[in-house]
Amino acid sequence: MSPALRIVLRILGIGALVAGGVAVALAALVGVILLGPLMFWIAWNVLDFAAAVGLPELAFWGIVLATLFLVVGWFGKVVIAAIVFLIDPSWFHGAAQVRWPEPTFRNFLAVALLALLASRPQAHAHERTRRRKH
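The residue count restarts for each chain, going from 1 along the sequence in the order it is written. Where totals are concerned, whole chains, interfaces and linings use all residues; where local detail is concerned, this predicted model gives features only for residues with pLDDT of at least 70, and gives and counts side-chain atom pairs only at 80 or more. As a rule here, side-chain values cover all heavy atoms of the structure and leave hydrogens and water aside.

A. A look at the overall build of the protein. Each helix and strand in the protein was counted, giving five helices and zero strands. Each residue is placed in one exposure class: buried if its accessible area under a 1.4 Å probe, protein chains only, is under 20% of its type's maximum, exposed if it is over 50%, and partly exposed if it falls in between. Out of the 134 residues in the protein, the part that is buried amounts to 18%. Here the analysis covers contacts within the protein between residues at least 6 apart in sequence; of these, 62% occur between residues at least 24 apart. Helix and strand assignments come from DSSP, with helices taken as H or I runs of at least 4 residues and strands as E runs of at least 2, each series counted from the N terminus. Working rule for contacts: check all heavy atoms of both residues, and any pair within 4.5 Å makes them a contact.

Spelled out as structure tokens, the structure:
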């Protein structure tokens, strides 16, 4: 095999490896971005946890904001509350009759999905503090 062809094949091989890695990283990012709201939608609307605690079902943007609210840290929660307050201040004056859900498997599964979403940032924060100590 000629040296020029060997060099071209090496370059194409590395290029394919990089392109494949970028494609996998993008697929993982899209999956994570879509997985959070999907899990929240399943817990809130499909498993009907909203009705179990006496709250209304949420539309698309409500699900996205609620998912972000569960996933982000304290500053993110403040920003989301400020956005909601600026867009629709009357939303804070709404009354809700929140109640404890019935102890059913469906409600347990919904709480487990919501807890899984809410627990992710704290897990990363604890991992960083463990690295600093060592």
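B. Representation of the nonpolar core. Remark: nonpolar core denotes a set of buried residues (Ala, Val, Leu, Ile, Met, Phe, Trp, Tyr, Cys) joined through side-chain atoms within 4.5 Å. Counting 15 residues, the largest nonpolar core has Phe40, Ala43, Trp44, Phe49, Ala110, Leu113 and Leu114 as the members making the most contacts within it. Listing elements by their share of this core, those giving two or more residues are helix H1 (3–46), helix H2 (49–53), helix H3 (60–71) and helix H5 (105–133). Sequence-distant contacts of Leu114, that is, excluding residues within four places in its chain, are made with Phe40, Ala43, Trp44, Phe49 and Leu70.

C. Region of the structure containing the packing of H3 against helix H4 (residues 74–87). Geometry is summarised by axes, namely lines fitted to C-alpha atoms with helices restricted to the contacting stretch, and by angles between N-to-C directions that run from 0 to 180 degrees. Interhelical geometry of H3 versus H4 gives an angle of 155° and a closest axis separation of 9 Å. As the angle between them shows, H3 and H4 are arranged roughly antiparallel. Across the interface between the two elements, Leu65, Leu68, Phe69 and Leu70 from H3 touch Lys77, Ile80 and Val84 from H4. Note on residue classes: Ala, Val, Leu, Ile, Met, Phe, Trp, Tyr, Cys and Pro are nonpolar, Asp, Glu, Lys and Arg are charged, and everything else, Gly too, is polar. The residue inventory of the contact of H3 with H4, partitioned by class, reads six nonpolar, no polar and one charged. Relative orientations are named as follows: roughly parallel for angles under 35 degrees, roughly antiparallel for angles over 145 degrees, roughly perpendicular for angles from 65 to 115 degrees, and oblique for any other angle.

D. Highlighting unusual backbone geometry. At Asp48, a position not held by glycine, the phi torsion is positive, near 60°. Along the chain, Asp48 turns up in the loop between H1 and H2. Classification of Asp48 as partly exposed rests on a relative accessible area of 30%.

E. Just the packing of aromatic side chains, in detail. When the centres of two rings from Phe, Tyr and Trp lie within 6.5 Å, Trp using its six-membered ring, the rings pair. Their planes under 30 degrees apart give stacked, over 60 give edge-to-face, and anything left gives tilted. Under the defined criterion, the tally for this structure stands at four aromatic pairs. Seen from their ring centres, Phe40 and Trp44 are 5.6 Å apart, and the 20° between their planes marks the pair as stacked. Taken as a pair, Phe40 and Trp44 lie in helix H1 at a separation of four residues, close to a single helical turn. Trp44 matches Phe40 in its accessibility class, with the two residues each being buried.

F. Here's a closer look at H3. Expected helix span is computed as 1.5 Å times (number of residues minus one). With twelve residues, H3 extends 17 Å from end C-alpha to end C-alpha; this agrees with the ideal 16 Å at 1.5 Å per step. Considered for burial, the residues of H3 that qualify are Ile63, Val64, Ala66 and Thr67.

G. Expanded view of the environment of Val98. Relative to the elements of secondary structure, Val98 occurs in the loop between H4 and H5. Counting along the chain gives 47 residues from Val98 to Ala51, while the straight-line C-alpha distance between them is 9.4 Å. Residues in contact with Val98, not counting those within four places in the same chain, are Val53 and Leu55.

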